[in-house]
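One-letter residues, chain by chain:
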Amino acid sequence: MAILVTGGLGYIGSHTVVELINNNFEVIIVDDLSNSEKFILHNIEEITGKRPIFYPFDLKRKELLNQVFDAHDIEGCINFAAFKAVGESQEKPIDYYENNLFSLINILQEFKTRKISNFIFSSSCTVYGQADKMPIDENTPLKMPESVYGKTKQMGEEILKDFAQSYKSKICLLRYFNPIGAHPSALLGELPIGVPNNLVPYVMQTAAGIREKLSVWGNDYPTEDGTAIRDYIYVVDLAKAHVAALKSLMNKETEETVIDVYNLGTGKGSSVLEVVQAFESANEVAVPYQICNRREGDITIAYANADKAERELNWKSATSLEESLKTVWEWQKYLESRKN
Ligand code: NAD
Ligand code: WQD
């Protein structure tokens, strides 16, 4: 029996593959390397001592996916594979809808035909938009996200709910807040392909001198220091939540529909300037920055109430912002060393 991990060589996927192997799951990865690199497979093996089975193809290729399901006894899927750049999704909306939704539907077709259950979906706090109340729990009303990327997440959730209801299947929607950090071995982390959009990769590259200055998008928000607030969750903690969610889903021996939804965050909000300061003090390195205008589409504040995950999955975030940011710096040093 095996777990299919799509996008398993990507940032969150690779960390989750390690945790799955550590928990004795057999892992099959499908990843087309559109936003990842093959050396990550080798590094997973170096960390765990096991090399997962890896298929390098695009999930939109139904016939290849069908062969993977024929070849293995798959009992569940964690579906990380998606395009995730918010700005790019506005420029290439159809590519985003096609990639993120067709690949999801292709897997669900296999699940339907073969009567497989246990599906975990990478969703995002973006489905809440700017919530009226903090912290954000799972009952907070959803708002259709502004970005095409965000819409693919909300639509993905709807597709899965319909799937679960029609085929009495078990699904779990994990709504991540802002994942950061790298593996303690420094062998896995977020691969900065091009100019990073997200805060922490940009901070990392600024500290390393690859970027001259961080642009802080707005200091006129109604927050203590005027910069926007997010909930930064350590990626290994996040990876462990997937194992907990998978085990919980698999333990539910039911013929009825199961739709589990969990917010995954730390429960604590940090401002942009707090992240910059925490990075500087954790790593004793300077991060030059300038204050700029707000970035279009940004919200003021979002942080999670993750009590449900603690109650039902016995999971909670364990790693501080500073500890996570230390791992980011070690990862940057590793990336530098690979160039030499
Ligand atoms: P990532 O880009 O590092 O990983 C995604 C992986 O999927 C990549 O390795 C890519 O090559 C692969 N992939 C993409 N489309 C594919 C396809 N059609 N066929 C096969 N492989 C494909 O992204 P990540 O940060 O690890 O995010 C994983 C998931 O979590 C995504 O669904 C993302 O939308 C979601 N998510 C991410 C964040 C975040 O800030 N990183 C936050 C919330 C939700
Ligand atoms: C965090 C804060 C920026 C870069 C995005 C997606 C969301 C989810 C997580 C996947 C904001 C500020 C950033 C910079 C800055 N992804 N910032 N200078 O915007 O919360 O969410 O990633 O689902 O869908 O929209 O994350 O890391 O881009 O920004 O000042 O160079 O840092 O304005 O306040 P965000 P982020």
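Structure's up top.
None of these values were measured; they are calculated from a predicted model.

(A) Structural detail: empty space enclosed by the protein. Enumeration over the complete set of coordinates arrives at 2 cavities of 30 Å³ or more. Each pocket or cavity is described by its volume, and for the largest cavity that value is around 60 Å³. What lines the largest cavity is Tyr11, Gly181, Ala182, Glu190, Val200, Pro201, Met204, Val328 and Trp331. Sorting the residues of the lining of the largest cavity by element identifies α7 (199-207) and α11 (321-339) as the ones contributing at least two each. Take the lining of the largest cavity: its biggest share by element is 3 residues, from α7. Classifying every residue of the lining of the largest cavity gives 7 nonpolar, 1 polar and 1 charged. Estimates place the volume of the second largest cavity at around 50 Å³. Breaking the lining of the second largest cavity down by element, the ones donating at least two residues are α5 (93-114) and α6 (148-167).

(B) Layout of the site of ligand 2. Residues in close proximity to ligand 2 total 19 residues, the closest being Ser124, Tyr149, Ser215, Arg230 and Asp298. A distance of 2.6 Å is found between an oxygen atom of ligand 2 and a side-chain nitrogen or oxygen belonging to tyrosine 149. A distance of 2.9 Å separates an oxygen atom of ligand 2 from a polar side-chain atom of arginine 295. Protein chains bury 87% of the 690 Å² of accessible surface belonging to ligand 2 in isolation. Those elements giving two or more residues to the shell around ligand 2 turn out to be α7 and β8 (214-217). Element by element, the count of residues in the shell around ligand 2 is highest for β8, at 4 residues. Tallied by class, residues from the shell around ligand 2 come to 10 nonpolar, 6 polar and 3 charged.

(C) Region of interest: the site of ligand 1. Ligand 1 sits among 27 residues. The nearest are Asp31, Asn35, Ser36, Asn99 and Tyr149. Aspartate 32 has a polar backbone atom sitting 3.1 Å from a nitrogen atom of ligand 1. A distance of 2.7 Å separates an oxygen atom of ligand 1 from a polar side-chain atom of asparagine 35. Across the complex, the protein chains shield 96% of the 820 Å² of accessible surface that ligand 1 would expose by itself. Elements that contribute at least two residues to the shell around ligand 1 include exactly α1 (11-22), β5 (119-124) and α6. Ranked by the residues each element gives to the shell around ligand 1, the list is headed by β5, at 3 residues.

(D) The arrangement of the layout of surface pockets in detail. Size it by volume and the second largest pocket reaches roughly 300 Å³. Taken together, 15 residues line the second largest pocket, and the ones lying closest to its centre are Lys115, Ser117, Tyr167, Lys168 and Ser169. If you list the elements that add at least two residues to the lining of the second largest pocket, you get α5 and α6. The residue inventory of the lining of the second largest pocket, partitioned by class, reads 5 nonpolar, 3 polar and 7 charged.

(E) Just the pattern of salt bridges, in detail. For the structure shown, the criterion picks out 15 salt bridges. A salt bridge links lysine 333 to glutamate 330; its shortest N-O distance comes to 3.1 Å. Taken together, the residues lysine 333 and glutamate 330, both in helix α11 and 3 residues apart, mark about one turn of the helix. Residue class for glutamate 330 comes out partly exposed when judged on its relative accessible area of 39%.

(F) Up close: the pairing of strand β6 (residues 170-176). The buried fraction of β6 is high, at 7 of 7 residues. Along β6, one buried face is formed by Lys170, Cys172, Leu174 and Tyr176 and the opposite face, lined by Ile171, Leu173 and Arg175, is buried too. Taken together, the 6 bridges between β5 and β6 define a ladder with parallel strand orientation. The partner of serine 122 across the bridge, within β6, is leucine 174. The β-α-β motif built from β5, the intervening α6 and the parallel element β6 has right-handed crossover chirality. Relative to strand β11 (residues 258-264), β6 runs parallel, the two being bridged by 7 bridges. Within β11, the position partnered with isoleucine 171 by the bridge is isoleucine 259.

(G) Region of the structure containing the sheet that holds β5. The parallel open sheet is built from 7 strands, whose spatial order is β3-β2-β1-β4-β5-β6-β11. Among the strands making up the open sheet, the edge pair consists of β3 (53-55) and β11. This sheet shows a mean twist of 20 degrees between the axes of neighbouring strands, independent of strand direction. The pairing of strand β2 (residues 26-30) with β3 spans 3 bridges and is classified as parallel. Counted as the bridge partner of valine 30 is tyrosine 55 from β3.

(H) Representation of the packing of aromatic side chains. Scanning the entire structure with this criterion turns up 7 aromatic pairs. With a centroid separation of 5.8 Å and 80 degrees between ring planes, the pair formed by phenylalanine 279 and tryptophan 329 is classed as edge-to-face. In this pair, phenylalanine 279 is assigned in helix α9 (residues 272-283) and tryptophan 329 in helix α11, connecting sequence segments 50 residues apart. This pair shows no difference in class: phenylalanine 279 is buried, exactly as tryptophan 329 is. Among the aromatic residues, ring-to-ring pairing joins Phe69, Phe111 and Phe119 into one connected group. Its end group placed over the ring of phenylalanine 39, arginine 338 keeps NZ or CZ at 3.6 Å from the ring centre.

Rules and cut-offs
- Residues numbered from 1 in each chain as written.
- Chains lettered and ligands numbered in written order.
- Predicted model: local features only at pLDDT ≥ 70, side-chain atom pairs only at ≥ 80, totals over all residues.
- Heavy atoms only, no water.
- 1 Å grid on protein atoms, 1.4 Å probe; cavity = no way out; pocket = protein on both sides within 12 Å on 5 of 7 lines; lining within 4 Å.
- Points joined across faces, edges and corners; volume = space filled by probe spheres on them.
- Helix = DSSP H or I, 4+ residues; strand = E, 2+ residues; numbered from the N terminus.
- Nonpolar A, V, L, I, M, F, W, Y, C, P; charged D, E, K, R; others polar.
- Near = heavy atom within 4 Å.
- Polar contact = N/O pair within 3.5 Å; in protein donor to acceptor, adjacent residues only side chain to side chain.
- Areas by Shrake-Rupley, 256 points an atom, 1.4 Å probe, with all protein chains shown as cover.
- Salt bridge = Lys/Arg side-chain N within 4 Å of Asp/Glu carboxyl O.
- Buried < 20%, exposed > 50% of the residue type's maximum accessible area, 1.4 Å probe, protein only.
- Pairing = 2+ DSSP bridges.
- Right-handed = clockwise from strand over helix to strand, strands pointing away.
- Axes fitted to C-alpha atoms, helices over the stretch in contact; angles between N-to-C directions.
- Phe/Tyr/Trp six-rings, centres within 6.5 Å; stacked < 30°, edge-to-face > 60°.
- Lys NZ or Arg CZ within 6 Å of the ring centre and 35° of its normal.

These figures capture arrangement, not role.
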